[in-house]
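Chains, contacts and geometry: an overview
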Amino acid sequence: MNLPSQARIVIVGGGIAGCSTAYHLALAGERDVLLLEQGQLTCGTTWHAAGLLPLFNLSYSVGKIHQYSVDFYPTLEAETELNVGFSNVSNIRLARTQDRFDEYKYYAGVAKTIGVEVNFLTPEQVQEVWPLCNVDGILGAIQHPADGYIQPADLTQALAKGARQRGAKIERNTTVTGITQKPNGEWVVHTDQGDITCEHVVSASGNFARQTGRMIGLDIPVVPVEHQYIVTDQHPLIMERRTKGLPEMGVLRESDSSWYMREEAGGLLLGPYEVGAPACYVDGPAANSEYELFPDALDRLMPYIETAIARVPAFGEVGVKKVYNGAIAYTPDGSPIVGPAWDKKNFWLNEGHSFGITAAGGAGWQLAHWIVDGEPTIDMMGVDPRRFGDYAGEGYLIEKNEEAYAKVFTVHYPDEEREGARPLRQTPCYSRMKDLGAVFGSVFGGSYALQGEVDAKHGHDSPEAKRARKMAVSMFVAQFALGMVAAAAFDGSPWRTIPACLVIGMSGPIGLQALKKFVSIGGGK
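Basis of the calculations
Residues numbered from 1 in each chain as written. Predicted model: local features only at pLDDT ≥ 70, side-chain atom pairs only at ≥ 80, totals over all residues. Heavy atoms only, no water. Helix = DSSP H or I, 4+ residues; strand = E, 2+ residues; numbered from the N terminus. Contact = heavy atoms within 4.5 Å. Pairing = 2+ DSSP bridges. Axes fitted to C-alpha atoms, helices over the stretch in contact; angles between N-to-C directions. Parallel < 35°, antiparallel > 145°, perpendicular 65-115°, else oblique. Left-handed = near helix turned anticlockwise from the far one by under 90°. Nonpolar A, V, L, I, M, F, W, Y, C, P; charged D, E, K, R; others polar. Expected span 1.5 Å × (residues − 1). Buried < 20%, exposed > 50% of the residue type's maximum accessible area, 1.4 Å probe, protein only. Arc of directions from axis to C-beta.

Glancing now at the side chain of Thr80. Checked against the element boundaries, Thr80 lands in helix H3 (residues 76–80). Among all residues touching Thr80, those that are not within four sequence positions of it are Ala158, Lys161, Gly162 and Gln165.

Written out as structure tokens, the structure reads:
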């Protein structure tokens, strides 16, 4: 192997995220790009992914990233002459509760903003497109016509070939052993094959994200969680449909039972997101980890298997062919971290992809813009690595990432607040506010009082609601004042903390009333 000693950009990791980054950097005109993979391409988590391409996401940033990927992937075959195995079968998300259906209506507005087509289906229409589905108890569904699934390993190889054709270099069987920064800002990537000096480093190391981060003193907030899916033997009804030339049924998701299902080689593939799935690779995989799976744990899945059989009886009529139990990278909020690392110039992160096949194309696209042009072309705040802080330690990551996994299919209400790993950071008045009946939210690891859930119970103009609003104003003032004092003690500039205090307090009339009260008692002029 003739490893170059210099490159402008070095990418660490040869899964789909790394290969997409290399491809899009080369597409943007960067020719001096070097990707390093310790084993073979896709040998980490990409190879065992189910290959789904879900467009559904309530985050604008993630939604745009997914949209780009789904539009981009089918174009690769014409460029590389490699079939990526894209099956545009659509996606059907069922709703059997009114709250779920309301969530879908809310999402339809987000999808319209992003530019994603969404159709609403009646139970009868669901039966037409998914004849093996029992629609009893279903209120309706939404369908993404552009959705489907893809073959992850084939897609990654196509991205790698496209990157090479545009001038990027890919070196396999090359282990990164350390990363250091020179006084002039250049990076040196140390490997078992030699050192490479470069201007930029991109970490796309998947399960190894925390190990890569530790090389430069970063605690990257990524801890994988085990995910299982079941592949069945062939089913006669599905084989009959194939014989008749009928179209493949779409990816079916029963969100209220927390699973997805699709056809797979004449059988069915079921993937639950169960409560109790454990975090794994907390300290990273073994150095020689490749194509690794965990022992199956079907006991955890039994409640989900039972609901799947009730919804699709055919699933219970055939045997189990294979159970996959592999690691999926997770962050505390379930969204990836894509963008510049904090406090490390020209070090970039493309990590924490819990829906990595869907996100990789768009993440590579935007990261290339960020590196080459200095800024992304879409709002990337929802995936910015700097949204987490040093509060996200190991214990926090384990609890929050397991929670994020278990709540993939939960109804996402506006202003959703989750309970995991709380309270973590507390203000001095936390206990007093809790005793007064405060409802708390969490911002940057801190627990802050929100208005009590009183209006809905007693009415906006009730005495109880008025007392709650008065208490909320007092809580806001206390928190705001504490933040000002802390900022003044830190650097003598208390007013720099106003935006943060407004965020952690509350918005709207109550926030304005509280701010006026604070100013009136001498907090400002």
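Strand order across the open sheet formed by eight strands is E4-E5-E3-E11-E12-E13-E10-E14, with mixed pairing between neighbours. Two strands in the sheet have a free side with no partner beyond their single neighbour: strand E4 (119–121) and strand E14 (320–328). Averaged over all neighbouring strand pairs, the angle between strand axes comes to 20 degrees, with direction disregarded. Here strand E12 (residues 259–264) pairs with strand E13 (residues 267–272) via six bridges, running antiparallel. Considered in E13, the bridge of Met261 is made with Leu270.

Attention now moves to the packing of helix H1 (residues 16–27) against helix H6 (residues 152–165). Relative orientation of the contacting elements H1 and H6 amounts to 30 degrees, with a least axis distance of 8 Å. Between H1 and H6, the interaxial angle falls into the category roughly parallel. Crossing angle aside, the handedness with which H1 passes H6 is left-handed. Along its contact with H1, which presents Ile16, Cys19, Ser20, Ala22, Tyr23 and Ala26, the element H6 presents Leu155, Thr156, Leu159, Ala160, Gly162 and Ala163. Residue classes in the contact of H1 with H6 are distributed as nine nonpolar, three polar and no charged.

Glancing now at helix H4 (residues 98–114). Its 17 residues place the ends of H4 24 Å apart at the C-alpha level, agreeing with the 24 Å of an ideal helix rising 1.5 Å per residue. Within the sequence span of H4, burial applies to Arg100, Phe101, Glu103, Tyr104, Tyr107, Val110, Ala111 and Ile114. Within H4, the buried residues cover an arc of 160 degrees as seen down the axis, which keeps them to one side. In H4, the exposed positions angled more than 90 degrees off the buried face are occupied by Lys112 and Thr113. Against helix H2 (60–72), strand E3 (91–95), E4 and strand E5 (140–144) lie the buried residues of H4. Within two residues after H4, Gly115 carries a phi angle of roughly 100 degrees, on the positive side.

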